[in-house]
Amino acid sequence: SAAFNLKPPAFPPKDFVFGCATSAYQIEGSAWNEDGKGKSIWDTYAQTPGNIGHNDTGDVACDHYHRYKSDVQLFKNLGVNHYSFTISWTRILPNGRGPVNKKGLQFYKNLLGELHAAGITPICTLYHWDLPQALFDEYQGWVDRKVVDDFKHYATVVFEELGGMCSFWSTMNEPGTFCVRKRFGEGEGSRLKSKSTWDPSAPLKCLHNALLAHASAVKIYRDGNYPGRIGVITDGQVYYPLDPTSAADADAAQRAMTYYFGWVNHPIWNGDYPPRMRKELGSLLPTFTAEEIALVKGSSDYYAFDGYTSGFATLDPTCNPKNSSSVSTPTNYNNGILIGSPTQGGWNFQVPDGFRAALNYIHEQFSPPVMYITENGMAVLNEAVLPIDRVLDDANRVDWYRTYLQQLRAAIEVDKLPIKGFVYWSCMDNFEWADGYSSKFGVTHVNFATQQRTPKKSATFLKDVITKGHNLDHWYP
Ligand code: PNW
């Protein structure tokens, strides 16, 4: 009867890319010496006592290097049709360049073979912050233009060896973040050695070289006629004026978004850096030649967005863009009102409507033909002290994903954005950079003492959405 006229599940649309993500250093373990692997800057950084809480390291992490077969079965049980992972440069080229380490390559061939057998499509990223230590020792990494040639060589080797097994590539994860943002900067070349002698142009040089390295790798891939698509994964946050009635705050919000999204993406989609950055930063901002502008422009087949949270922006009269280490207008998440529901992962407020706004901002600014969300997620702290049933009953993470997917659905159905996929962070708990193992983003719990994996309630929710479809209104496990 009419009373039981149930609506069909409305989400996701047909052929939607639905996946989960990890990164090499955060899950693989076998840190720096197994099967010929060389050391990355993250091995060095985390192995140096005092840098990470509890002196946590990625030496073992999820031991994924040894457990990839059962992990692929785990991912299959999560219901995902895609899996996004990253390749460790120092497994392939232990010293950053020079002879190829066959065993390191074989690991990724085995992993890709296992994914194909499980019917999971791989999304493969060349670089997620684990720069070869040898290149850092030689020239401080991304701040030096030499990195472009080394990255080209690395990309050439990987495409030749793995290009036939993966057809969805990204050159790097969040170049803006590994070049500048404080939380992650510890692991990045421009900061590691010389915290006391901070050079404000370092992040700008780093990103400049990262853009050239990315675009050069894309050219190699396209010239090689590999049958796939390639681009770059970038993050961003929408900023709202702290005082909604203030024109200065409105401008500060626009400025902050230009410095976050536009700095990286304007060169890729529109050519060159945003005019506002050029004007404000002057000679501090590196310049592209005409050929380099042409190389970088159009160097992504899709826009891949890592979207987590949003913030407030206000005009800070003391902020001099030329010596701001964040090259961004200061933001204030909490000036009497919160931008969204707080989560235990301090910076990561739950702002689902800001997520939709970010997707619209991206489309307005850059008009990409296809968009993907390549990371989104929520952390819980100190799970170790909670009883396991409490950890697995992660109702707030279910709410996070349900509300973000509602907004994603509105962005597709109402705003008509060309969004073709959503990849969540993360498939399983892992090494959360500066936070070590105190912060957990996984929908699968990992007991780091036993390596036992147990899906949380959020894994079941996402699996229901992916495999059965869902209206996202309410979800009862
Ligand atoms: C991601 N923000 O980056 C990284 O790619 C992952 O490696 C990491 O584990 C994950 O964050 C969780 O921290 C970010 O908008 C992207 O503030 C965006 C933001 C922060 C981190």
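Our structure is the block above this text.
Residues numbered from 1 in each chain as written. Predicted model: local features only at pLDDT ≥ 70, side-chain atom pairs only at ≥ 80, totals over all residues. Heavy atoms only, no water.

For this particular structure, what's the right way to read the site of the ligand?
The local shell around the ligand holds 18 residues, among which Gln26, Glu174, Gln237, Glu375 and Glu432 are the closest. Within the side chain of glutamine 26, a nitrogen or oxygen atom sits 2.8 Å from an oxygen atom of the ligand. The contact in question runs from an oxygen atom of the ligand to an N or O atom on the side chain of tryptophan 433, over 2.8 Å. For the ligand, whose unbound accessible area comes to 470 Å², protein coverage reaches 97%. Secondary-structure elements contributing two or more residues to the shell around the ligand are helix H9 (182-185) and strand E5 (229-236). (Near = heavy atom within 4 Å. Polar contact = N/O pair within 3.5 Å; in protein donor to acceptor, adjacent residues only side chain to side chain. Areas by Shrake-Rupley, 256 points an atom, 1.4 Å probe, with all protein chains shown as cover. Helix = DSSP H or I, 4+ residues; strand = E, 2+ residues; numbered from the N terminus.)

Looking at this structure, I do not really get the sheet that holds strand E4 (residues 168-173). What am I missing?
Sheets are built from strands paired through backbone hydrogen bonds, the pairs being either parallel or antiparallel. Taken together, the eight strands give a closed barrel; going around it, the order is E1-E2-E3-E4-E5-E7-E11-E13, and neighbouring strands pair in parallel fashion. Taking each pair of neighbouring strands and ignoring which way they run, the sheet shows an average axis angle of 25°. Where helix H7 (residues 146-162) meets the sheet, its contacts fall on strand E3 (121-127), E4 and E5, and the angle it forms with E3 comes to roughly 160°. (Pairing = 2+ DSSP bridges. Axes fitted to C-alpha atoms, helices over the stretch in contact; angles between N-to-C directions. Contact = heavy atoms within 4.5 Å.)

Please explain the state of the cysteines as it appears in this structure.
All told, the structure shown has three disulfides when counted by the stated rule. In this model cysteine 124 forms its disulfide with cysteine 166; the gap between the sulfur atoms is 2.2 Å. Of note, the bridge from cysteine 124 to cysteine 166 carries an S-S torsion of about 115° and is right-handed in sense. Of this pair, cysteine 124 sits in strand E3 while cysteine 166 sits in the loop between H7 and E4, and the two are 42 residues apart along the sequence. By relative accessible area, which is 1% here, cysteine 124 ends up buried. Residue class for cysteine 166 comes out buried when judged on its relative accessible area of 2%. The cystine pairing of the protein, numbering bonded cysteines in sequence order, is 1-6, 2-3, 4-5. Looking at the unpaired cysteine 62, the closest cysteine sulfur is the one in cysteine 427, lying at 9.6 Å. A residue is classified by how much of its surface remains accessible, and cysteine 62, at 0% relative accessible area, is buried. (Disulfide = S-S within 2.5 Å. Buried < 20%, exposed > 50% of the residue type's maximum accessible area, 1.4 Å probe, protein only.)

Just to check I follow, could you spell out helix H11 (residues 202-223) for this structure?
Residues separated by three or four positions in an α-helix point in the same direction, a consequence of the helix having 3.6 residues per turn. Spanning 22 residues, H11 covers 31 Å between terminal C-alpha atoms, matching the ideal 32 Å at 1.5 Å per step. Counting buried positions along H11 yields 17 of 22 residues, so the element is predominantly enclosed. A positive phi of about 55° marks asparagine 225, the residue just after H11. (Expected span 1.5 Å × (residues − 1).)

Explain the pairing of strand E2 (residues 82-86) to me, please; I cannot follow it from the model alone.
On any regular strand, side chains alternate: one points to one face of the sheet, the next to the other face. Counting buried positions over the five residues of E2 gives five, a clear majority of the element. Side chains His82, Ser84 and Thr86 project from E2 onto one buried face, and the interleaved Tyr83 and Phe85 project onto a second face that is buried too. Pairing of strand E1 (residues 17-21) with E2 involves three bridges; the strand directions are parallel. Directly across from glycine 19, in E2, lies its bridge partner histidine 82. In terms of strand pairing, E2 meets E3 through five bridges, oriented parallel. Residue pairing across strands places phenylalanine 85 opposite cysteine 124, the latter belonging to E3.

Looking at this structure, how should I read the packing of aromatic side chains?
The description of an aromatic ring pair uses the distance of the two centres, along with the angle that the planes make with each other. This structure, assessed with the given rule, holds 50 aromatic pairs. When the centroid spacing of 5.9 Å and the interplanar angle of 55° are considered together, the rings of tryptophan 142 and phenylalanine 151 count as tilted. Just as tryptophan 142 is buried, phenylalanine 151 falls in that class too. Considering the side-chain rings of tyrosine 437 and phenylalanine 448, the 4.7 Å spacing of their centres and the 45° angle between planes classify their relative orientation as tilted. Pair noted here: tyrosine 437 is in the loop between strand E13 (419-425) and strand E14 (439-440) and phenylalanine 448 is in the loop between strand E15 (444-447) and strand E16 (452-455), with a separation of 11 residues, a long-range link. (Phe/Tyr/Trp six-rings, centres within 6.5 Å; stacked < 30°, edge-to-face > 60°.)

Can you help me understand the environment of isoleucine 388 in this one?
Position of isoleucine 388 relative to the elements: it lies in helix H16 (residues 388-392). Take isoleucine 388: its relative accessible area is 43%, and that puts it in the partly exposed class. For the pair isoleucine 388 and leucine 242, spaced 146 residues apart in sequence, the C-alpha separation works out to 40 Å.

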